[in-house]
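Structure assessment
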Amino acid sequence: MKAIHVIAVGALAIVLSYLYVNYGGSQQPIKFPTDGYFGSGKKTPDDTSIKPFKINVPEEVLKDLKERIKRTRIGHKQLEDVPDFTYGMNLKTVMEFKNYWETKYDWRKAEAQLNNFPQYTTQIEGLKIHYIHAKPPANKYKVVIPLLIVHGWPGNVYEFYKIIPYLSDPNKHFDGAQSDMAFEVIAPSIPGYGWSEASHKAGFDQIATARIFKKLMNERLNFKRFLAQGGDWGSLVVSNLGRMYPEYLYGVHLNMAFVTNGKAMLYQILGSFFPTLLFKDKEFYDFSMKKMFFEILKESGYLHIQATKPDTVGIGLNDSPVGLMTYILEKFSTWTNPSFRNLPDGGLEKKFTKDELLTIVTIYWVNGNILSSQRYYREYFSNWEAQEFSKQYIHVPTGLASFPHDLGVRLPREVIQTGMNLTHFTLMKDGGHFAAFEMPKQLATDIIAFSTETVRIV
Ligand SMILES: *[C@@H]1O[C@H](CO)[C@@H](O)[C@H](O)[C@H]1NC(C)=O
């Protein structure tokens, strides 16, 4: 061994020990604020009433949207030798979606679909909270489990419109199913997304969101215990619920796992050198942190700007429908499958319809809240406590449906186990980041399996 190698290995060992000791993730509960206020001005008591809610976007807003789409100013030509999404969304595809949005897309149809589910609003910590509340048909199921499902960015509750029926009435939607268990589904809009009010104060992070959703489930809807499910930011929110309120949770089910503690880092570094020694699943025998690092670097520019200056990037997106659409749809391409960036149309319609994708975008447009959704990154990445908190071990039973094309590289169970009590782990065969939207049936199947194991044995 050359001296330089000895020094390198020694240095690595010191760095790893440092990470392990300092960022290992304490098993002691960290304190978190038990109350907050994010409304405008001075704190006033919440109006705790629950009000039925229907989406009804004013006609002027839709007319203005069409006019703005029509007047879109495009200042560039597609590079002649770039036929795909590798520079960002391909202009030809942008124009195709733009034209469809302007001439064929029917918001009222999407609105009716969403209004098929009962929706309500209530006020918590000064903010109007919007949520879907879908119950199983009366007396059809012996066991009804309250289930909170939480979306992420750049999505909203529309991502759930296909999965909710599988959960709230499985016997009707799964061929031949004869289950005696169904879910009472509560799907809130994160404040600053969809129809929930954006915070008026700085510091509205994923800990505050978890607390507000716990208040929704427990104080407004009177559930003593419930199950929580999420991907993307929703995954962090429901993971925080598991950390903060274990006594209220049967368990947590994720379709994306945040594992940022020191032990997980250590596993990933060592696992990149000795994967066959450390990882049981064959799929991870070529695990490489380097590959993961470069993939993240290539795709995370949006994250850095949203984590630092959301109010600068958000204003332009809120002023140009096609700008907003391009920013969001690029994510629905690459996050559904990273190889889609090499396709001329970004593979957007392989998994979703134009109508579905444009509904996600239109919800941001009509609520004018892309900027507040982007602030959610700043509130996490610029907040040391929020990041430390997400290293806390989750003790409640936790299930993960790991989709192969989710962001970055999928993590082996040994890495995930460092951060949570992983009692259920499924390596899904297909699917990406927007699992509920893309693979509703498969995700619902996994949530049902997890619930059967978790709630039934409690
Ligand atoms: C994981 O969950 C199970 C079931 O609730 C429990 O028995 C076990 O103690 C938990 N493990 C940890 C490490 O918290």
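As annotated in an unreviewed UniProt entry, the chain carries the name Epoxide hydrolase and is attributed to Panagrolaimus superbus.

1. Description of the UniProt feature "domain: Epoxide hydrolase N-terminal" (unreviewed entry) in the chain
UniProt's entry tags residues 50-160 with the feature "domain: Epoxide hydrolase N-terminal" (unreviewed entry), counted in the numbering of this structure. Measuring from the first to the last C-alpha atom of residues 50-160 gives 22 Å, for a span that is 31% helix and 23% strand.

2. Looking at the nonpolar core
Residues Trp153 and Met325 are the most contacted members of the largest nonpolar core, which totals 132 residues. Ranked by the residues each element gives to this core, the list is headed by helix H16 (residues 354-367), at eight residues. Excluding residues within four positions of it along the chain, Met325 makes contact with Met89, Val94, Phe97, Lys98, Trp101, Leu358 and Val361.

3. Description of the pattern of salt bridges
Tallied over the full model, the rule gives 27 salt bridges. The salt bridge involving Glu219 is made with Lys214; its shortest N-O contact spans 3.9 Å. With a relative accessible area of 9%, Lys214 lands in the buried category. Salt-bridge contacts for Arg413 lead to Asp281; the nearest nitrogen and oxygen are separated by 3.4 Å. On the criterion of sequence distance, the pair formed by Arg413 in helix H19 (residues 413-416) and Asp281 in the loop between helix H10 (275-278) and helix H11 (289-299) is long-range, its members being 132 residues apart. Look at Arg413 and you get partly exposed, because its relative accessible area is 23%. The exposure class of Asp281 is buried, given its relative accessible area of 15%.

4. Some points on the packing of helix H4 (residues 107-115) against H16
Running from amino to carboxyl end, H4 crosses H16 at an angle of 90°, the nearest separation of the two axes being 10 Å. Classified by the angle their axes make, H4 and H16 are roughly perpendicular. Listed contacts from H16 to Trp107, Ala110 and Leu114 of H4 are Thr359, Thr362 and Ile363. Looking at the contact of H4 with H16 residue by residue, the classes come out as four nonpolar, two polar and no charged.

5. Comments concerning the site of the ligand
Surrounding the ligand, one finds Tyr393, His395, Pro397 and Asn421. Here an oxygen atom of the ligand sits 3.0 Å away from a polar atom, N or O, in the side chain of His395. One of the side-chain N or O atoms of Asn421 is found 2.4 Å from an oxygen atom in the ligand. The fraction of the free accessible surface of the ligand (370 Å²) that becomes covered by protein chains is 41%.

6. Comments concerning unusual backbone geometry
A cis geometry characterises the amide bond from Trp153 onward to Pro154, with omega recorded as -5°. Located in the positive-phi region is Asn222, a residue other than glycine, with phi close to 65°. Tracing the backbone through its elements, the reader meets Asn222 in the loop between helix H7 (206-220) and strand E6 (226-230). The phi dihedral of Asp232 falls on the positive side, at around 50°, and the residue is not glycine. The topology assignment puts Asp232 in the loop between E6 and helix H8 (233-244).

What counts and what doesn't
- Residues numbered from 1 in each chain as written.
- Predicted model: local features only at pLDDT ≥ 70, side-chain atom pairs only at ≥ 80, totals over all residues.
- Heavy atoms only, no water.
- UniProt positions renumbered as here; feature names shortened; annotations may be inferred.
- Helix = DSSP H or I, 4+ residues; strand = E, 2+ residues; numbered from the N terminus.
- Core = buried A, V, L, I, M, F, W, Y, C linked by side-chain atoms within 4.5 Å.
- Buried < 20%, exposed > 50% of the residue type's maximum accessible area, 1.4 Å probe, protein only.
- Contact = heavy atoms within 4.5 Å.
- Salt bridge = Lys/Arg side-chain N within 4 Å of Asp/Glu carboxyl O.
- Axes fitted to C-alpha atoms, helices over the stretch in contact; angles between N-to-C directions.
- Parallel < 35°, antiparallel > 145°, perpendicular 65-115°, else oblique.
- Nonpolar A, V, L, I, M, F, W, Y, C, P; charged D, E, K, R; others polar.
- Near = heavy atom within 4 Å.
- Polar contact = N/O pair within 3.5 Å; in protein donor to acceptor, adjacent residues only side chain to side chain.
- Areas by Shrake-Rupley, 256 points an atom, 1.4 Å probe, with all protein chains shown as cover.

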